[in-house]
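Topology and contacts: notes
One-letter residues, chain by chain:
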Amino acid sequence: MGARGTFTGGIHPYDGKDLSKDKPIKDILPKGDLVYPLSQHIGAPAVPVVKKGDHVLTGQKIADAAGFVSAPIYATVSGTVKAIEKRRVTVGDNVNAIVIENDGKYEEVDYGECKPLEELTKEEIVKKVQEAGVVGMGGAGFPTHVKLSPKEPDKIEYVIANCAECEPYLTSDYRRMLEEPQKVIDGLKCVLALFDNAKGIMAVEDNKPDCVKILKELTKDEPRITVKALKTKYPQGAERQLIYAATGRAINSDMLPADAGCIVDNVDTLVAINSAVRENKPLMYRIVTVTGDAIADPRNFRVRIGTNYHELIDEAGGFKEDPEKIVNGGPMMGFAIFDLDVPTTKTASALLCLTHDQVSEKEEGPCINCGRCVDACPGRVIPSRLADFAARGDKESFQKWNGMECCECGCCSFVCPAKRQLTQQIKSMRKMVLADRKKK
Amino acid sequence: MSDLMKVSSNPHIRSKAGTSKIMLCVVLALMPAAAFGVYNFGINALLLILITVASCVCSEFLFDMICKKKNSIGDFSAVVTGVLLALNLPPNAPWWIGLVGGAFAIVVVKMLFGGLGQNFMNPALGARCFLLISFTSIMTNFECDAYTGATPLAVLKSGGSVNVFDMVVGRTAGTIGETSMIAIVIGACFLILLGIIDLRIPGSYIVSFIIFICIFGGHGIDFNYVAAHLAGGGLMLGAFFMATDYVTRPITIKGQYLYGVLLGILTGIFRIFGAGAEGVSYAIILGNILVPLIEKVTLPKGFGRGGEKI
């Protein structure tokens, strides 16, 4: 079971990274109100600890975690709590959110003295990550402290830094690795401190040779960390494919990475862990790529969470052409948004503005059974048949044909010459099956 | 910024591949074989090809119109069926053979089952077998101006000797498009380079067929005999253009290998133990029928359940 640096299946779409890959990360200051949805993570929504009219400082906790699988939320500017009300978020729902009026002073709280990593106990490290509200910033938003508390910590053999960034157009992780590689490495070291038997692997796609070089140089004296260049292919950064490519271990949909002795965290998450553990700073920023052929000046920004999307577009020079579709995230797994009046959340990695919607340009035709989806599927299933089962509502056959092994990466829809909405159909069926399982 | 934004489920980008593009490439890939057929057999071959294609396209158009369905001839699949069927006809067949065959292929074998993607049998082969049974004397008469003798495979079966070089080039009697191994392989290479077909089925088909005739052919490992069997009859056309037909081959990867092996064995049985010299058409049609079963036994296991490596 050797690591092969790749996986079976996958696709090579136009990567669009040239638009923004040479643009350094730029700090931007929010102008309007900041909105903090109470549910920016998987698990119970956070509970507000401030009320309307309260004055808050940058870095002050405004909502506390509601249980173990939950995460607190912090103010990213100083100002006044204007309201706690329903606000629209990227997925289109209206959810409870705290609205803060920015006073423009950016007064910060005192984060307190910080003990060096070596003097912290494992419990203290996890506690700090939990307190800082760190969640998986690759997109899922799973609270990181839960991930860092597996049942048998001694059995964790690999901590994998997900530096693949396989989604087309996204360059936020790339810029982070180029500009602040030490922070990523230090974040990985914080996680390694929790698991005595673990080795650290920094898994980078080989289309970023400069990152591989820098990370290798900086980790040459770190016996526990290796840098691995993986084959450039979408979805190399999907958790299960990444673990397989980096370690040769394959987990199925019923398993967690920890079951195979692995913990996976992405670049931005590791940086957040680092500032939580070494500086006592809560999660307040994230890097967002604003790109696409409709954007005048595609860029990478360090954004204060809560900043309105309109401001990001303005900072990137606005639209040079009318966008037909705006995607929150990458083009393969991101979701289309219909309203820009939404806040940046902990999980927003990119804002992609496209002048053409390739999906609606072509009409769906009948399946010709060509098998391109089968060759492309990293989950090793038969997407075309699963979509047929989904259309018929045949849950039994869907599960028998391993429908639950789908990771919703979108490769099947991408390659389909008949332009079928395979991923969409399979995704909805998976949701129904998962809902059924929950009921039982 | 316009008020109307498009929203849809992920992914938001699509590859450039399209059904009609694929079909057009297959038509193009069949052109070397068709051109050689016309060069080899004369103008009647060209006429037959044109009539068969026209018959296929018109049948689909009329069927769609009568059944009030959306016109589907734009996907060019009817053209592929027409060319394939014509390449499987004897060069001196009367014009109405192409007309009847084309209509049968499209209406009975394809459209009645639901149109493109729904047929369980290759339309061109279904029609060929229908013609072969219905008009046996016409369909097995390969005599024409250029060639008066039997097909090389028939000669081989009766124990005669054949010129393998002529067979590879295609200067022999046979159906319009099957005689030239070189022309067929050129077209096949074009499709393989474009990634439209792969070697899973043709490779396992040809290899298993070679092994079969080496064991049961009665000539042992005789290079000339094996080469004659490969170049003769419809094996090359069948292996590269008909066994690889998307709709009627298994979609599972392991299933494709199994299907190829099955076709190799069936073709061997029909050619060596059967009454006729040919066997490719029947082998593929029989294989088509077994596809659901093949898919069932070769279902992939899924990532993380033992199916991650293929």
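Residues numbered from 1 in each chain as written. Chains lettered and ligands numbered in written order. Predicted model: local features only at pLDDT ≥ 70, side-chain atom pairs only at ≥ 80, totals over all residues.

**Side note on the overall build of chain B**
On a plain count of helices and strands, chain B comes out with 14 helices and 0 strands. Helices and strands appear in chain B in the N-to-C order α-α-α-α-α-α-α-α-α-α-α-α-α-α. Taken over C-alpha atoms, the radius of gyration comes to 20 Å for chain B, in line with the 19 Å a tight globule of 310 residues would show. With the principal axes as the frame, chain B shows a C-alpha extent of 75 × 50 × 30 Å. Counting all 310 residues of chain B, 52% fall into the buried class. (Helix = DSSP H or I, 4+ residues; strand = E, 2+ residues; numbered from the N terminus. Rg over C-alpha atoms; globule rule 2.2 N^0.38 Å. Buried ≥ 20, exposed ≤ 12 C-beta atoms within 10 Å, placed from the backbone.)

**Quick word on the sheet that holds strand β5 (residues 61–64) of chain A**
Residues and elements named next belong to chain A. Within the open sheet, the 3 strands sit side by side as β3-β5-β6. Their pairing is antiparallel. In the strand order of this sheet, the two ends are held by β3 (47–48) and β6 (73–74), each with one partner. Note: β5 against β6, 2 bridges, orientation antiparallel. Looking at β6, one finds that K61 is bridged to Y74. (Pairing = 2+ DSSP bridges.)

**Section: helix α11 (residues 383–392) of chain A**
All names here are of chain A. Where burial is concerned, most of α11 is hidden: 7 out of the 10 residues are buried. Residues P383, S384, R385, L386, A387, F389 and A390 constitute the buried set of α11. Where the residues of α11 are buried, they touch α10 (372–376), α12 (395–400), α13 (411–415) and α14 (422–439). Looking one or two residues beyond α11, the residue adopting positive phi is G393, at roughly 70°. (Contact = placed C-beta atoms within 7 Å.)

**Section: the interface of chain B and chain A**
Facing the 37 residues of chain B at the interface are 57 residues of chain A. Residue classes in the side of chain B that touches chain A are distributed as 16 nonpolar, 14 polar and 7 charged. (Nonpolar A, V, L, I, M, F, W, Y, C, P; charged D, E, K, R; others polar.)

**Here we look at helix α3 (residues 77–87) of chain B**
Residues and elements named next belong to chain B. When you tally the buried positions in α3, you get 11 out of 11 residues, the bulk of the element. Those residues of α3 that fall on the buried side of the exposure criterion are S77, A78, V79, V80, T81, G82, V83, L84, L85, A86 and L87. In the core, the buried residues of α3 are packed alongside α1 (19–41), α2 (43–66), α4 (95–110), α5 (123–134) and α12 (235–242).

**Some points on the nonpolar core**
The biggest cluster of nonpolar side chains holds 144 residues, and the ones touching the most others in it are I160(A), A161(A), M202(A), A203(A), V204(A) and L386(A). Lining this core are residues from two domains, each supplying at least three of them: domain 1 (114–279) and domain 2 (372–439) of chain A. For I160(A), the contacting residues outside a window of four places in its chain are I201(A), A203(A), L242(A), I243(A), A246(A), C262(A) and V264(A). With 81 residues, the next largest nonpolar core counts A33(B), A93(B), I106(B) and I206(B) among its residues. (Core = buried A, V, L, I, M, F, W, Y, C linked by C-beta atoms within 7 Å. Domains from an automatic or database assignment.)

**Observations concerning unusual backbone geometry**
The omega torsion of the bond from Y234(A) to P235(A) falls at -5°, within 30 degrees of zero and hence cis. By the element assignment, P235(A) lies in the loop between β11 (225–230) and α6 (239–247). A cis amide bond links N10(B) with the next residue in sequence, P11(B), at an omega value of -5°. Relative to the elements of secondary structure, P11(B) occurs in the segment before α1.

**Some details on the packing of α11(A) against α14(A)**
All names here are of chain A. Close contact between α11 and α14 brings their axes to 8 Å; oriented N to C, the two are set at 55°. Judged by the angle between their axes, α11 and α14 are oblique. Both α11 and α14 take part in a crossing whose hand is left-handed. Contacts between α11 and α14 involve P383, S384, L386, A387, A390 and A391 from the first element and L422, Q425, I426, S428 and M429 from the second. (Axes fitted to C-alpha atoms, helices over the stretch in contact; angles between N-to-C directions. Parallel < 35°, antiparallel > 145°, perpendicular 65-115°, else oblique. Left-handed = near helix turned anticlockwise from the far one by under 90°.)

**Thoughts on the environment of A97(A)**
Residue and element names in this part refer to chain A. Note that A97 resides in strand β8 (residues 94–102). Sequence separation between A97 and C416 is 319 residues, and the spatial gap between their C-alpha atoms is 40 Å. Contact partners of A97, with chain neighbours within four places excluded, come to V35, Y36, P37, L38, E85 and R87.

**Things to note about the environment of I28(A)**
All names here are of chain A. Residue placement: I28 occurs in the loop between β1 (25–27) and β2 (34–37). With 273 residues separating them along the chain, I28 and F301 place their C-alpha atoms 6.7 Å apart. Not counting residues up to four positions away in its chain, the partners in contact with I28 are F301, V303 and E315.

**Structural notes on the domain arrangement of chain A**
All names here are of chain A. Splitting chain A by domain gives domain 1 (114–279) and domain 2 (372–439). Taken together, the 7 residues of domain 1 in the interface contact 6 residues of domain 2. Residues that form the side of domain 1 that touches domain 2 fall into these classes: 3 nonpolar, 3 polar and 1 charged.

**A closer look at the sheet that holds β11(A)**
Through backbone hydrogen bonds, the strands of a sheet pair up, either in parallel or in antiparallel fashion. Residues and elements named next belong to chain A. As summarised here, the arrangement of the 4 strands in space is β11-β10-β9-β12, forming an open sheet in which the pairing is parallel. In the strand order of this sheet, the two ends are held by β11 and β12 (262–266), each with one partner. Recorded for the sheet is a direction-independent mean angle of 25° between the axes of neighbouring strands. Direction of pairing for strand β9 (residues 158–163) relative to strand β10 (residues 199–205): parallel, over a ladder of 6 bridges. Residue pairing in the sheet places C163 in a bridge with V204 of β10. Where helix α7 (residues 267–279) meets the sheet, its contacts fall on β9 and β12, and the angle it forms with β12 comes to roughly 90°.

**A word on the pairing of β5(A)**
Regular strands have side chains that alternate between both faces of the sheet. Looking at chain direction, β3(A) and β5(A) are connected through 2 bridges and run antiparallel. Across the sheet, residue P48(A) finds its bridge partner in β5(A), namely A63(A).

**Quick word on the packing of helix α1 (residues 122–131) of chain A against α7(A)**
All names here are of chain A. Where α1 meets α7, the closest approach of the two axes is 9 Å, and the angle between their N-to-C directions is 115°. The way α1 lies across α7 gives a crossing that is right-handed. Mapping the contact onto sequence places I125, K128 and V129 in α1 and I273, A276 and V277 in α7. Of the residues in the contact of α1 with α7, the class split is 5 nonpolar, no polar and 1 charged.

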